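Listed below, chain by chain, are the residues.
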Amino acid sequence: LTIIQDNSDQGRSAREQELENSQIAYRWHLYKEGLPYCMKVKDLSSLPPDARFSFTKKNQFKYTACKGLVAEKLELLTNCEDSWTDFEDINRLFWHRKSKMSKYTQEHWRDNDFFVYQFLNGVNPILIRHCSELPQNFPVTEDMISLQGQASLADEMKRGNIFLCDYKLLDGVQTNVINGKKQYLVAPLHKTPDDKLMPVAIQLKQKPAADNPIFLPTDSEYDWLTAKIFVRSADFNEHQLNVHLLRTHLLPEVFTVSLHRNLPMVHPLYKLLMPHTRYILQINSLARRLLISEDGVFTQYTASGGEGMITILRKAVSSLTYSSLCIPDDIAE
């Protein structure tokens, strides 16, 4: 007997009673103004049994955490406030974490083509956008850049060979203070031609000004390298807060809580969605307690931690569109 066929008063009453109990167990809570609603949880023990880690998952989680803490102590990273002075410091710390890719990265991380390779094959390729017209706040001229094949910038844009990465989400964000040092975020604009995907220009702030030059591959080696490092920093903060935290954790929690509050377990849609919501509520509760709280890891040790983190999340939520959550539509845009 399916839920569609079950029209009996007893069946309907049982489903209504189940939803009443679920709405008591799964209550809405506003963690911060402007952020998606989450589940109200006092501590992990207050989570409904179905929302908690299984015995196997819990032990795997603890093992991974302990393994990471032990490695951190062996690598002398615990409570370390000293800056690395050269690459040998890094080599000594990560001597046992070597692979073909890590070796290749160590040898080629300064290369322009590998810099762009990391955009396409890294964790945050969705920020790359086709550029048919340069933004007004990115005053790149034909005289500034040299494109492969001696083609003009306008022609390359018409051919669809120019792309743009815009980190405007980070503009004006209040940055963190770590170990007494002010941290910095930038909103760089970065574009590449489609031939060999080489970076041609980087701007570190959103508003053109005398103190906001456009960096080019023809600049001095270390000026250009520093600009690319700033892009990497911006990409980390954009990805971790907008793409990872918001889209992978916070938004799915909204659907998870709503699912429990509105559909009985016998509903076909509940059965279809339930496997995709497994462990979301507990992992998000841990994240709010250990990562993004006032004394959380992200708050203490990243440039965007603290108030800046909340500002970025609010801006990301306000600019979020449904089509951006659908990969084919997002690519088409």
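Refer to the structure presented above.
Residues numbered from 1 in each chain as written. Predicted model: local features only at pLDDT ≥ 70, side-chain atom pairs only at ≥ 80, totals over all residues. Heavy atoms only, no water.

(A) The arrangement of the overall build of the protein chain in detail. Looking only at helices and strands, one finds twelve helices and nine strands in the protein chain. Relative to its 333 residues, the protein chain shows a buried fraction of 38%. The contacts of the protein chain with a sequence gap of at least 6 include a subset with a gap of at least 24, amounting to 63%. (Helix = DSSP H or I, 4+ residues; strand = E, 2+ residues; numbered from the N terminus. Buried < 20%, exposed > 50% of the residue type's maximum accessible area, 1.4 Å probe, protein only. Contact = heavy atoms within 4.5 Å.)

(B) Broad picture of the nonpolar core. Within the largest apolar cluster, 30 residues are counted, with the highest numbers of intra-cluster contacts made by Y167, I202, L241, M309 and L313. The set of elements that each furnish at least two residues to this core consists of helix 5 (112–121), helix 7 (221–262) and helix 11 (307–318). Residue contributions to this core peak at nine residues, all from helix 7. Ranked by size, the runner-up nonpolar core spans 13 residues in total, among them C131, F138, M157 and L164. (Core = buried A, V, L, I, M, F, W, Y, C linked by side-chain atoms within 4.5 Å.)

(C) Examining the packing of aromatic side chains more closely. The final tally for this structure, using the stated rule, is seven aromatic pairs. Centroid distance Y104 to F114: 5.5 Å. Interplanar angle 65 degrees. Geometry classified as edge-to-face. With Y104 in helix 4 (residues 100–108) and F114 in helix 5, this residue pair connects regions lying ten residues apart in the sequence. On the basis of relative accessible area, F114 is assigned to the buried category, the value being 5%. Geometrically, the ring pair formed by F236 and F298 is stacked, given 6.3 Å between the ring centres and 15 degrees between the ring planes. With F236 in helix 7 and F298 in helix 10 (residues 297–301), the pair connects residues that are 62 residues apart, well separated along the chain. Of the residues examined, F236 reaches a relative accessible area of 38% and is grouped as partly exposed. Put simply, the rings of F53, F61 and Y279 touch in pairs and so form one group of aromatic residues. Over the face of the ring belonging to F115 we find K228, whose NZ or CZ atom lies 5.6 Å from the ring centre. Its guanidinium or amino end placed over the ring of F119, R232 lies 4.9 Å from that ring's centre, counting from NZ or CZ. (Phe/Tyr/Trp six-rings, centres within 6.5 Å; stacked < 30°, edge-to-face > 60°. Lys NZ or Arg CZ within 6 Å of the ring centre and 35° of its normal.)

(D) Quick peek at the pattern of salt bridges. Under the criterion given, the structure shown has eight salt bridges. For E156, the salt bridge is made with R159, and the minimal N-O distance between the two is 2.8 Å. A salt bridge links D235 to R232, with the nearest nitrogen and oxygen atoms 3.9 Å apart. Note that D235 and R232 are positioned in helix 7 at a spacing of three residues, about one turn of the helix. Accessibility expressed as a relative area gives 9% for D235, which makes it buried. (Salt bridge = Lys/Arg side-chain N within 4 Å of Asp/Glu carboxyl O.)

(E) Representation of unusual backbone geometry in the model. The phi dihedral of Y279 falls on the positive side, at around 70 degrees, and the residue is not glycine. With respect to the secondary-structure elements, Y279 resides in the loop between helix 8 (268–273) and helix 9 (280–290).

(F) Geometry of the side chain of S285. Tracing the chain through its elements places S285 in helix 9. Its relative accessible area of 10% is what places S285 among the buried residues. Looking at S285, its side chain comes within polar contact range of the main-chain oxygen of L281, at 2.8 Å. Those residues in contact with S285, other than ones at most four positions away along the chain, are V41, L44 and L47. (Polar contact = N/O pair within 3.5 Å; in protein donor to acceptor, adjacent residues only side chain to side chain.)

(G) Structural detail: empty space enclosed by the protein. What the rule picks out here adds up to two cavities of 30 Å³ or more. The volume enclosed by the largest cavity comes to roughly 70 Å³. Considering the residues around the largest cavity, the lining is formed by Y31, L35, P36, Y37, C38, L250, E253, R288 and I292. The residue makeup of the lining of the largest cavity, split by class, is seven nonpolar, no polar and two charged. One number sums up the size of the second largest cavity: a volume of about 60 Å³. (1 Å grid on protein atoms, 1.4 Å probe; cavity = no way out; pocket = protein on both sides within 12 Å on 5 of 7 lines; lining within 4 Å. Points joined across faces, edges and corners; volume = space filled by probe spheres on them. Nonpolar A, V, L, I, M, F, W, Y, C, P; charged D, E, K, R; others polar.)

(H) Focus on the environment of E333. Within the secondary structure layout, E333 lies in the segment after helix 12 (327–332). Judged by its relative accessible area of 57%, E333 falls in the exposed class. A C-alpha to C-alpha distance of 8.7 Å links E333 and S323, two positions ten residues apart in sequence. Leave out the neighbours within four places in its chain, and E333 touches R129 and S323.

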